Amino acid sequence: MAIRHSEETDALFRSVLALESVEECYAYFEDLCTVKEVRDLSQRLEVARLLNAGSSYQQAAAATGASSTTIGRVKRCLEYGTGGYRMVMGRLKEEDARDDG
């Protein structure tokens, strides 16, 4: 199911792009989302990272506490989605490499 393009959704995404630091993200997302919503989003990204690195469903579940439903959804997105997870993980990896170098 694709996210429907709208002025409101564009504004949301532009607001995220306007953030300049992790601390600004904490402040904004604390206002925007519940703690559970942020935790769920963080968990999905970690599941994607683990699966992308070759972890099994069982290893990802043990490491994150994610349900098999969540892991399955993330796996489907990695295999058949729009490439968003892989794009972001690639950019984070590049950023980490720059920070280490």
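Data block above holds the structure.
Just so it is clear, the structure is predicted and the values come from calculations on it, not from any experiment. (Residues numbered from 1 in each chain as written. Predicted model: local features only at pLDDT ≥ 70, side-chain atom pairs only at ≥ 80, totals over all residues. Heavy atoms only, no water.)

## Some thoughts on the pattern of salt bridges
Then, in step 1: This structure, assessed with the given rule, holds 3 salt bridges.
Then, in step 2: Aspartate 40 serves as the salt-bridge partner of lysine 36, at 2.8 Å between the closest nitrogen and oxygen. Here the residue lysine 36 and the residue aspartate 40 both occupy positions in helix α3 (residues 35-52), the gap between them amounting to 4 residues, near one helical turn.
Then, in step 3: Arginine 49 is paired through a salt bridge with glutamate 46; the nearest N and O atoms lie 2.6 Å apart. Of this pair, arginine 49 and glutamate 46 both sit in helix α3, separated by 3 residues, roughly a single helical turn.
Then, in step 4: For glutamate 46, a relative accessible area of 28% gives the class partly exposed. (Salt bridge = Lys/Arg side-chain N within 4 Å of Asp/Glu carboxyl O. Helix = DSSP H or I, 4+ residues; strand = E, 2+ residues; numbered from the N terminus. Buried < 20%, exposed > 50% of the residue type's maximum accessible area, 1.4 Å probe, protein only.)

## A word on helix α5 (residues 68-80)
Then, in step 1: With 13 residues, α5 extends 18 Å between its outermost C-alpha atoms, agreeing within 8% with the 18 Å of an ideal straight helix rising 1.5 Å per residue.
Then, in step 2: Each element contacted by the buried residues of α5 is listed here: α3, α4 (57-64) and α6 (84-100). (Expected span 1.5 Å × (residues − 1). Contact = heavy atoms within 4.5 Å.)

## A look at the packing of α3 against α6
A packed helix pair is summarised by two numbers, namely the angle formed by the two axes and the spacing between the axes.
Then, in step 1: As a packed pair, α3 and α6 sit with axes 11 Å apart at the nearest point and diverge in direction by 80 degrees. In terms of orientation, α3 lies roughly perpendicular with respect to α6. Counted together, Arg44, Leu45, Ala48, Arg49 and Asn52 of α3 and Tyr85, Arg86 and Met89 of α6 form the full contact between these two elements. (Axes fitted to C-alpha atoms, helices over the stretch in contact; angles between N-to-C directions. Parallel < 35°, antiparallel > 145°, perpendicular 65-115°, else oblique.)

## Remarks on a negative patch on the surface
Then, in step 1: There is a patch of like negative charges on the surface, built from Glu95, Asp96, Asp99 and Asp100.
Then, in step 2: Mapped onto the elements of the fold, aspartate 99 is located in helix α6. (Patch = residues over 30% accessible without salt bridge, like charges linked within 9 Å, V, L, I, M, F, W, Y side chains within 5 Å. Areas by Shrake-Rupley, 256 points an atom, 1.4 Å probe, with all protein chains shown as cover. Lys, Arg positive; Asp, Glu negative; His and termini not counted. Charge placed at Lys NZ, Arg CZ, Asp CG, Glu CD.)

## A short note on a nonpolar patch on the surface
Then, in step 1: Together, Ile3, Leu12, Phe13, Val16 and Leu32 make up an exposed nonpolar region whose accessible area comes to about 410 Å².
Then, in step 2: Here the element with the most residues in the nonpolar patch is helix α1 (residues 7-17); it accounts for 3 residues.
Then, in step 3: Within the secondary structure layout, leucine 32 lies in helix α2 (residues 22-32).
Then, in step 4: With relative accessibility at 41%, the residue leucine 32 sits in the partly exposed group.

## Side note on the side chain of threonine 64
Then, in step 1: Mapped onto the elements, threonine 64 comes out in helix α4.
Then, in step 2: At 3.1 Å, the side chain of threonine 64 forms a polar contact with the backbone nitrogen of alanine 66.
Then, in step 3: What threonine 64 contacts, discounting residues up to four positions off in sequence, is Gln43, Glu46, Val47 and Leu50. (Polar contact = N/O pair within 3.5 Å; in protein donor to acceptor, adjacent residues only side chain to side chain.)

## Re the nonpolar core
Then, in step 1: Within the largest apolar cluster, 10 residues are counted, these being Val47, Ala48, Leu50, Leu51, Ala60, Ala66, Ile71, Val74, Leu78 and Met89.
Then, in step 2: Broken down by secondary-structure element, the contributors of at least two residues to this core are α3 and α5.
Then, in step 3: With 4 residues, α3 is the largest single contributor of residues to this core.
Then, in step 4: Discounting chain neighbours no more than four positions away, the residues touching methionine 89 are Leu45, Ala48, Arg49, Asn52 and Leu78. (Core = buried A, V, L, I, M, F, W, Y, C linked by side-chain atoms within 4.5 Å.)

Note that all results are geometric; they support no functional claim without further evidence.
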